[in-house]
Amino acid sequence: MSFSVTEPSNRTKWVAGTAVVLYAVITILPLMWIIATGFKSPADSISYPPKILFEPTLEGYVNVFTQRTRLNEEDLAALPAPETWYDEMVREQGQVITGASRYGERFMNSVIIGFGSTFLCMVLGTAAAYAFSRFRVPLKDDLLFFILSTRMMPPIAVAIPIFLMFRQLGLNDTHLGMILLYTAVNLSLSVWLLKGFIDEIPVEYEEAALIDGYTRFQAFYKVVLPQAATGIASTAIFCLIFAWNEYAFAVLLTSGTAQTAPPFIPTIIGVGGKDWPAVAAGATIFLVPVMVFTILLRKHLLRGITFGAVRK
């Protein structure tokens, strides 16, 4: 019995291409609207009907990094001339800058916690996945199912017990506590994904290295890790995205020292009401690290998704 593979017709290709482009446009439209809102004035950001064509301004980006207060015309006239372009921009709105906002601190907290938990998750996940893939672990299937079962309920379902436990251990509102928590949540995902990648690496490579005099650790470090780099990179992207965007735990377990950007951005208040351009500017800046990280590893991500589709 033989099968023949036929080339898709031009019409089929056109329909498929149109569907992909349409899906991409629908998906990216909210993101583009957020980016555009960051360059609008407060009046343009709440105008109805919404403005597509507008005069761009950096007011939102200035506001997200500064704290301001409104003064009357007499007090403004008594002040010395503005020293910088952003001081002048704020003066035109009848305000003065009183200090820096806390957005920079919250952003750095996201960087420390997000990348810290991703690194720790990759180290522990790779070691555990290698052990499950290469060694005879007692009750291996049961242990793998137990690891997977930690993802069967939403993490917020255990938020109260975690809050009480963190309070007893002194981990509330700490970078270490959030890194450990995000690592624990992401570890099951990393173990299962990485085990699949390591299973696809022929064990004969390691056996040849052991025959050549390598130790087990040297064989793992010099043979397995380079082969598993694609899987590690793609898994790291998924773990970072979860830790970077996580909101519920960050709201419950942090309030000042270790608060990340997601719970802070919605609290940005302008003088006289919600400053939507500043909120959009903060969200746009918040997207940049994950976007850059994903773009740098995009080749590994595409290879990682299709890894193992064709087996020997």
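**Comments concerning a nonpolar patch on the surface**
So, point 1. On the surface, Phe 39, Leu 58, Trp 85 and Tyr 86 cluster together into a nonpolar patch covering about 380 Å² of accessible area.
So, point 2. In this structure, Leu 58 sits in the loop between helix 2 (42–45) and helix 3 (59–65).
So, point 3. Judged by its relative accessible area of 37%, Leu 58 is partly exposed.

**Concerning the nonpolar core**
So, point 1. Ranked by internal contacts, the top residues of the largest apolar core, which has 16 residues, are Val 64, Tyr 103, Trp 244, Ile 265, Ile 268, Ile 285 and Phe 286.
So, point 2. Elements supplying a minimum of two residues to this core: helix 3, helix 6 (103–134), helix 12 (229–245), helix 14 (261–264) and helix 15 (276–296).
So, point 3. The element that contributes the greatest number of residues to this core is helix 15, accounting for six residues.
So, point 4. Apart from the residues within four sequence positions on either side, Val 64 is in contact with Ser 101, Tyr 103, Ile 268, Ala 278, Gly 282 and Ile 285.
So, point 5. With 15 residues, the next largest nonpolar core counts Phe 166, Leu 171, Val 185 and Ala 258 among its residues.

**Here we look at helix 9 (residues 175–199)**
So, point 1. An ideal rise of 1.5 Å per residue puts 36 Å on 25 residues; helix 9 measures up with 34 Å between its terminal C-alpha atoms.
So, point 2. Its axis deflected by about 40° at Asn 186, helix 9 carries its strongest bend there.

**Brief notes about the pattern of salt bridges**
So, point 1. For the coordinates displayed, the defined rule picks out six salt bridges.
So, point 2. Of the charged contacts, one joins Arg 102 and Glu 105 as a salt bridge, the two residues approaching to 3.3 Å between their closest N and O atoms.
So, point 3. On the basis of relative accessibility, which here comes to 38%, the residue Arg 102 falls in the partly exposed class.
So, point 4. A salt bridge links Glu 105 to Arg 106, with the shortest nitrogen-to-oxygen separation between them at 3.7 Å.
So, point 5. Judged by relative accessible area, Glu 105 falls into the partly exposed class, the value being 43%.
So, point 6. The network of salt bridges with shared partners includes Arg 102, Glu 105 and Arg 106.

About the thresholds
Residues numbered from 1 in each chain as written. Predicted model: local features only at pLDDT ≥ 70, side-chain atom pairs only at ≥ 80, totals over all residues. Heavy atoms only, no water. Patch = residues over 30% accessible without salt bridge, like charges linked within 9 Å, V, L, I, M, F, W, Y side chains within 5 Å. Areas by Shrake-Rupley, 256 points an atom, 1.4 Å probe, with all protein chains shown as cover. Salt bridge = Lys/Arg side-chain N within 4 Å of Asp/Glu carboxyl O. Helix = DSSP H or I, 4+ residues; strand = E, 2+ residues; numbered from the N terminus. Buried < 20%, exposed > 50% of the residue type's maximum accessible area, 1.4 Å probe, protein only. Core = buried A, V, L, I, M, F, W, Y, C linked by side-chain atoms within 4.5 Å. Contact = heavy atoms within 4.5 Å. Expected span 1.5 Å × (residues − 1). Bend = angle between axes of the 7 residues up to and from the residue.

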